[in-house]
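Given next are the chains, with one letter for each unit.
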2 protein chains.
Amino acid sequence: MLKSLFLNNVNEEFCIYLMHTSLLPEEIEDLKRYISANKSRLEVIYVDENYFHDAPVPFHYTKEMYFRLLAFQLLPHDLKRILYLDPDILVINPIRELYDTEFDGYMFAAAYHDKLSLKELNKIRLFPYSIDAYYNSGVLLMNLESLRQNVDAQDIFKFVEENRPKLIMPDQDILNALFAKQIKTIDGKKYNYDARYYHYYKLARNGLYDMDHIIYNTVIIHFCGKKKPWHKKYTGKFHSLYKHYEKLAFS
Amino acid sequence: MLKSLFLNNVNEEFCIYLMHTSLLPEEIEDLKRYISANKSRLEVIYVDENYFHDAPVPFHYTKEMYFRLLAFQLLPHDLKRILYLDPDILVINPIRELYDTEFDGYMFAAAYHDKLSLKELNKIRLFPYSIDAYYNSGVLLMNLESLRQNVDAQDIFKFVEENRPKLIMPDQDILNALFAKQIKTIDGKKYNYDARYYHYYKLARNGLYDMDHIIYNTVIIHFCGKKKPWHKKYTGKFHSLYKHYEKLAFS
């Protein structure tokens, strides 16, 4: 993810924020060197486990699920916005336009994946917190000023406590259930392209979203789901492209 | 092809030889600028149409079919070797080892594609010039010194004249029929990987030739056949990778 971000945004200098509870100093040094070599810098935010002492953690998950939801508290308070990015993505075109998206009063900007089956499934699952779209939290632009003013960590913890059994993808479910109305919708085919649905997207708009269009226009390809392009048995339209960036990252 | 060659061989300075009969000065200047910007240089060899006045040209082909076969006459006589590359390829790893291949007395080095059907088909077609393997001429390392000493253009023209109806892929057929015994075999999966046969190759050697192996080890991916990755309707395992390089070439 980082390598593709750097290579396709050579005129930008990024500040990468990394939140962690347990990385070793040498791991952080490695990452620092790597990011510096790409003209950007790393800011490390150590989060004490006790920070979440009163937070409920559903079975099979860890406290890190709150990092994204409570980033507005953990990041420096002079930061106005931040773009959260999942690690299972490639950034294949300039990202500035996404980063500079106007919030228009919203707390977040994110995309939803409009495969009906998934959307409908999730709508039902999260009933009665009726929502219009189920947003993907893997690419999430945060309005930190607004979040600091309007969100209370205790409300989030309370929601988790009350909905434990229903939460399948905890942080994404929470984001949708609590904040769907505060999320500005961005173009999913441009900023959060689900690599699994190449053929589905391509059917839309008379074939507009073909490989040519994606490579030249899509900014973020997101390898959603259980099958990841670094797995031996992966097959998918962007497998060769992913491996290409992986090789560059390791060389 | 050129962009991928340059990007994956940043420490090399190439001399690209271009033979033509009809390019315009501004087209050549464009190409010169492009190649210079990539730390390499272009040498243009203008070939007068009359050069081939006594050469037979089978129906549906042009005199350019002889450029590859007679390169040893057309290139500067102090050149000892040259690597011919088709335009429908990507060079995704360092190419020096291929370029430096020992000839061991052979006139050429090339790979054959070991899909049985094709090989058998061509063997039969070229009978009685019985050959052991049908080499692909898209990646062809030439021993120019040996060719200058041992090959006569008239023998090539004579062979074409006598075999007109049988020649399907003229220059490749000629190369095989006349020179198969003078071709040193190089590893096709490394230096002339046929992009159409990903699944076929992958079955070999217990899955060794998977995407991971190809991206890290294969030097040349060759988009053989009628379906090319720059066509709108192309589908194939290396489509996204091809489009990625195309974008870099045009940017």
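The coordinates are above.
Below is a short write-up of the structure. (Residues numbered from 1 in each chain as written. Chains lettered and ligands numbered in written order. Predicted model: local features only at pLDDT ≥ 70, side-chain atom pairs only at ≥ 80, totals over all residues. Heavy atoms only, no water.)

Helix and strand content of chain A: 13 helices and nine strands. Rg of the C-alpha trace for chain A: 18 Å, near the compact-globule value of 18 Å for 251 residues, within the 12% margin. Considering only C-alpha atoms, chain A reaches an extent of 45 × 45 × 40 Å along its principal axes. Taken over 251 residues, chain A has a buried fraction of 53%. Across chain A, the fraction of contacts at a sequence separation of at least 24, relative to all contacts at a separation of at least 6, is 77%. Total accessible area on chain A is roughly 12,700 Å²; 54% of this is exposed by carbon and sulfur atoms. Distance between charge centres in chain A, computed from 33 positive and 33 negative side chains, equals 7 Å. (Helix = DSSP H or I, 4+ residues; strand = E, 2+ residues; numbered from the N terminus. Rg over C-alpha atoms; globule rule 2.2 N^0.38 Å. Buried < 20%, exposed > 50% of the residue type's maximum accessible area, 1.4 Å probe, protein only. Contact = heavy atoms within 4.5 Å. Areas by Shrake-Rupley, 256 points an atom, 1.4 Å probe, with all protein chains shown as cover. Lys, Arg positive; Asp, Glu negative; His and termini not counted. Charge placed at Lys NZ, Arg CZ, Asp CG, Glu CD.)

Residue and element names in this part refer to chain A. Applying the stated criterion across every chain yields a total of 31 aromatic pairs over all chains. Aromatic side chains Y51 and F52 sit 5.1 Å apart centroid to centroid with 85° between the ring planes, which places their arrangement in the edge-to-face category. Since its relative accessible area comes to 35%, Y51 is described here as partly exposed. With relative accessibility at 1%, the residue F52 sits in the buried group. Ring centres of Y193 and F238 lie 5.7 Å apart, and the angle between their planes is 80°; this geometry places the pair in the edge-to-face category. Here the residue Y193 occupies a position in strand β8 (residues 193–194), and F238 occupies one in the loop between β9 (220–222) and α13 (239–250), the gap between them amounting to 45 residues. Across the pair, F238 and Y193 agree in class, each one buried. (Phe/Tyr/Trp six-rings, centres within 6.5 Å; stacked < 30°, edge-to-face > 60°.)

To continue, consider the relation of the copies chain B and chain A. If you rotate chain B by 180° and push it 0.0 Å along the axis, it lands on chain A with an RMSD of 0.0 Å. The transformation relating the two chain copies, once decomposed into turn and shift, fits a two-fold axis. Taking the C-alpha atom as reference, chain B places B:L241 closest to the rotation axis, 2.4 Å from it. A share of 100% of interface residues in chain B that are also interface residues in chain A marks the association as one of identical surfaces. (Least-squares fit on C-alpha atoms with pLDDT ≥ 70 in both.)

Residues and elements named next belong to chain A. Look at helix α8 (residues 153–163) against helix α9 (residues 170–179): their axes get within 11 Å of each other, and the N-to-C directions meet at 110°. What the angle tells us is that α8 and α9 run roughly perpendicular. The way α8 lies across α9 gives a crossing that is right-handed. On α9, the residues touching D155, I156, F159 and V160 of α8 are I174, A177, L178 and F179. (Axes fitted to C-alpha atoms, helices over the stretch in contact; angles between N-to-C directions. Parallel < 35°, antiparallel > 145°, perpendicular 65-115°, else oblique. Left-handed = near helix turned anticlockwise from the far one by under 90°.)

We now examine the pairing of strand β1 (residues 15–20) of chain B. All names here are of chain B. Bridge analysis of β1 against strand β2 (residues 41–46) gives six bridges, and the strand direction is parallel. Residue pairing in the sheet places L18 in a bridge with V44 of β2. Tracing the backbone out of β1, into helix α2 (residues 25–36) and back to the parallel element β2 gives a crossover that is right-handed. (Pairing = 2+ DSSP bridges. Right-handed = clockwise from strand over helix to strand, strands pointing away.)

Residues and elements named next belong to chain B. On the basis of which strands lie adjacent, the open sheet formed by four strands has the order β3-β6-β5-β7 and mixed pairing. Looking along the sheet, the strands with just one partner apiece sit at the ends: β3 (81–85) and β7 (183–185). Direction aside, neighbouring strands of the sheet carry axes that sit 30° apart on average. Taken together, the three bridges between strand β5 (residues 108–112) and β7 define a ladder with parallel strand orientation. Among the inter-strand pairings, A110 is bridged to a residue of β7, identified as T185. Across the sheet, helix α9 (residues 170–179) lies against β5, β6 (135–143) and β7, angled at about 60° from β6, the strand it touches most.

Turning next to the side chain of A:K247. Turning to its location among the elements, A:K247 is positioned in helix α13. Buried and unpaired, A:K247 has A:E246 as its nearest opposite-charge partner, separated by 9.9 Å. If we ignore the near neighbours within four places in the chain, the residues touching A:K247 are B:I92, B:N93, B:I215 and B:Y216. (Salt bridge = Lys/Arg side-chain N within 4 Å of Asp/Glu carboxyl O.)

This part takes up the environment of B:K228. All names here are of chain B. When you line up the elements, K228 lands in the loop between β9 (220–222) and α13 (239–250). In this structure K228 comes out as buried when scored by relative accessible area, which is 13%. K228 sits 139 residues away from I89 along the chain, and the two C-alpha atoms are 10.0 Å apart. What K228 contacts, discounting residues up to four positions off in sequence, is D88, F223 and Y234. Engagement of the side chain of K228 in a polar contact is seen with the side chain of D88, the distance being 2.6 Å. Of the polar contacts made by the side chain of K228, one reaches the backbone oxygen of F223; its length is 2.7 Å. (Polar contact = N/O pair within 3.5 Å; in protein donor to acceptor, adjacent residues only side chain to side chain.)

Moving on to the pattern of salt bridges. Residues and elements named next belong to chain A. Under the counting rule described, the total for this entry stands at 28 salt bridges over all chains. Here K184 ties to D104 by a salt bridge, and the two come within 2.8 Å at their closest N and O atoms. Taken as a pair, K184 in strand β7 (residues 183–185) and D104 in the loop between α5 (96–99) and β5 (108–112) lie far apart in primary sequence, 80 residues in all. In the salt-bridge network here, residues are joined through shared partners; they are E12, R96 and D100.

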